Amino acid sequence: MLEKVDIIKVVGRYVSLKRVGSQYAGLCPFHKEKTPSFYVDPDKGVYHCFGCGASGNAITFLSEIEGITRREALSILAEEFGLDISNYQYEKQPIIYEVLRESAKFYKSQLVKHTLIMDYLKNRGLNSGSLAEWEIGFSPDKYGLIKYLIKKGFSSEDILSSGVAISTGKEIFDRFYGRIIFPIKDITGNVVSFAGRVVEGGEPKYLNGPDTKIFKKSEVLFGLDKAKSFARKEGFLYLVEGYIDVILMYQEGYKNTVGIMGTHLSEEHAKRIYRFAKKVVIIPDSDEAGMKSAEKSIFSLAKAGIDVHVILLENGLDPADYLQHGKELPEPITAFNFILGEKPKDPVKFSEKLTKAKNFISILKSSDENLAIFYLGELEKWAGTKVDLGELSVREVIKKSNSSLANLDKILILGYAYGFKGEVMDILSRLTAKTSLQHRLETYITSGKDFAEFFETLKSEEASSVYALNMERDEVFKVLRRILTQMEVEDKVKRAKGDIKALLEVYNIKKEVGV
């Protein structure tokens, strides 16, 4: 059935592909990498990444990249490529999904009958629209849910395997009884678990469902099913800690918000975020625990190649409290500046901060060496001393910051700014290995986007280095033509080999243009 689907066309909307023999290669969209390890085979209609192991067909790719169900992906492909899917047999979902769907219905139906609980939620800032949209519920007692599910035909084994119930050996009862219920959904919108919050007193304040066949706390982010499309549109995600924080952020218009569920941000969380946003703004709770959690999240996100910033709230407030006071969110600071903070007088604390900053820069250099170099210089200013970071020593900082590759990026950006798209694309097409910035340039130009949109994606340090060149239009054009000529010369040299006539032509070109 998928023979009609052009997988190169499908994948090519998200990945810049180059032909390599009978296959096509590009940078994997599912993890951060510098060298292409993602291959697409048009004859077999499949893709595979040798870096992270992602593989599948056009349905799988569209489902994973867009965070939609296989059924939705197939429908999109059917419409585009004229597939007949009327007799297609969809894989039946495991019964655990049905148990969780029915549990969500039960909990939701109970909330409307408990006005005091609704009053509590509204006092926390949630409006009626949010209660409905997020399907918030309530579990009034130990056995109401169990009776409801058994009446629906589910066995005790089905109920226990879903994680909503606990068994004493003699009876089973609702794990979340007496709590406000927040349905936790996977990226496609299926309920995969629940979280329960006590109303007054009691521990723990939040109770998460256990890991099951379809739910792993270390992989699921609360609200990502809603936030994913907004993250792509805005170019980044907000990351907060609490369920109510996420809902209030969404309610106040910050719809690109997700939350971790009472646990630290894992590498799997970071990889999942990377699929939808390359930048994250963390808004931690302003207590000590919130600061420590934010710091751990920064390192997990940086390892995934994500640009991290932090918004610091007034002391004692979490995002929900802050928004309830009607305040606008402050401007974010870089993760690096968050890690550094003020220079402590205590030598032990100073050493700890220095070590953390060095570790952060070491992680950063694998994905953005130029920014790592910049931060190393900032760290030395902060510390008031030389900082040895192996390959990124100060001597190498000077050498690498003046490298031809860095200068090439700046020239290409100015070429785009002045409208020399043809020359810029010609140069990019001749590069055998591209930087992440060069890949971004190529994507923006081919998609017909305005230079202003691309320039907005640059970090302040990158934009500053472009301003520093201060080159006129004609000067930029001459440099672009010179680069192209040099590339042509190198190509001719490779092809000429022992051909005297061809080598003489190369010599004359070099003499004429002075390369």
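Residues numbered from 1 in each chain as written. Predicted model: local features only at pLDDT ≥ 70, side-chain atom pairs only at ≥ 80, totals over all residues. Heavy atoms only, no water.

Visitor: Kindly report on the sheet that holds strand β11 (residues 206-208), identifying the contributing residues and their values.
Guide: Read across the sheet, four strands follow the order β6-β9-β10-β11 without closing on themselves; strand pairing throughout is antiparallel. Among the strands making up the open sheet, the edge pair consists of β6 (137-138) and β11. The pairing of strand β9 (residues 180-185) with strand β10 (residues 191-197) spans six bridges and is classified as antiparallel. Within the sheet, the bridge partner assigned to Ile180 lies in β10 and is Arg197. Packing against the sheet, helix α10 (residues 243-251) makes contact with β9, β10 and β11, and its axis sits at approximately 75 degrees to β9. (Pairing = 2+ DSSP bridges. Helix = DSSP H or I, 4+ residues; strand = E, 2+ residues; numbered from the N terminus. Contact = heavy atoms within 4.5 Å. Axes fitted to C-alpha atoms, helices over the stretch in contact; angles between N-to-C directions.)

Visitor: Explain unusual backbone geometry to me, and be specific about the residues and the numbers.
Guide: Even without a glycine there, the phi angle at Glu135 is positive, about 55 degrees. Assignment of secondary structure puts Glu135 in the loop between α6 (128-133) and β6.

Visitor: Could you give an account of helix α2 (residues 58-66), naming the residues involved and the relevant values?
Guide: Most of α2 is tucked away, with seven of its nine residues classed as buried. Listed as buried for α2 are Ala58, Ile59, Thr60, Phe61, Leu62, Ser63 and Ile65. Where α2 is buried, its residues touch α1 (7-12), β3 (38-41), β4 (46-49), β5 (55-57), α3 (70-81) and α9 (224-234). If you check the start of α2, you find a side-chain oxygen 3.0 Å away from the backbone N of Ile59, and it comes from Asn57. Just beyond α2, the residue with positive phi is Gly67, at close to 70 degrees. (Buried < 20%, exposed > 50% of the residue type's maximum accessible area, 1.4 Å probe, protein only. Polar contact = N/O pair within 3.5 Å; in protein donor to acceptor, adjacent residues only side chain to side chain.)

Visitor: I'd like a rundown of the environment of Asn256, residues and numbers included.
Guide: Within the secondary structure, Asn256 is located in the loop between α10 and β13 (257-259). Between the alpha carbons of Asn256 and Ala231 there is a distance of 5.0 Å; along the sequence they are 25 residues apart. Dropping the residues within four chain positions of it, Asn256 is found in contact with Ala227, Phe230, Ala231, Glu234, Phe236, Leu237 and Tyr238. A polar contact of 2.9 Å, which involves the side chain of Asn256, links it to the backbone oxygen of Phe236.

Visitor: Help me get a handle on the nonpolar core, residues and values and all.
Guide: Judged by nonpolar contacts, the single largest core of 58 residues is most densely connected at Leu121, Ile136, Val164, Ile184, Phe194 and Leu329. At the level of elements, α4 (95-111), α5 (115-123), α7 (144-151), β9, β10, β12 (237-240), α10 and α13 (319-324) are the ones that each hand at least two residues to this core. With eight residues, the single largest contributor to this core is α4. Tyr274, Leu340, Leu354 and Phe360 belong to the second largest nonpolar core, which has 47 residues in total. (Core = buried A, V, L, I, M, F, W, Y, C linked by side-chain atoms within 4.5 Å.)

Visitor: Which residues make up the packing of α2 against α3, and what values do they have?
Guide: Packed helices, taken two at a time, are described by the angle their axes make and the gap between the axes. Where α2 contacts α3, the axes come no closer than 8 Å and their chain directions differ by 115 degrees. α3 is crossed by α2, and the crossing has right-handed handedness. Mapping the contact onto sequence places Ala58, Ile59, Thr60, Leu62, Ser63 and Glu64 in α2 and Arg70, Ala73, Leu74, Ile76 and Leu77 in α3. (Left-handed = near helix turned anticlockwise from the far one by under 90°.)

Visitor: Can you lay out the pairing of strand β2 (residues 23-26) for me, pointing to particular residues and giving the numbers?
Guide: Side-chain positions along a regular strand alternate between the two faces of the sheet. Note: strand β1 (residues 18-20) against β2, three bridges, orientation antiparallel. Its bridge partner being in β2, Arg19 is matched across the sheet by Tyr24. Counting the residues between successive antiparallel strands, the hairpin from β1 to β2 contains two residues, one of them, Gly21, with a positive phi of roughly 65 degrees.

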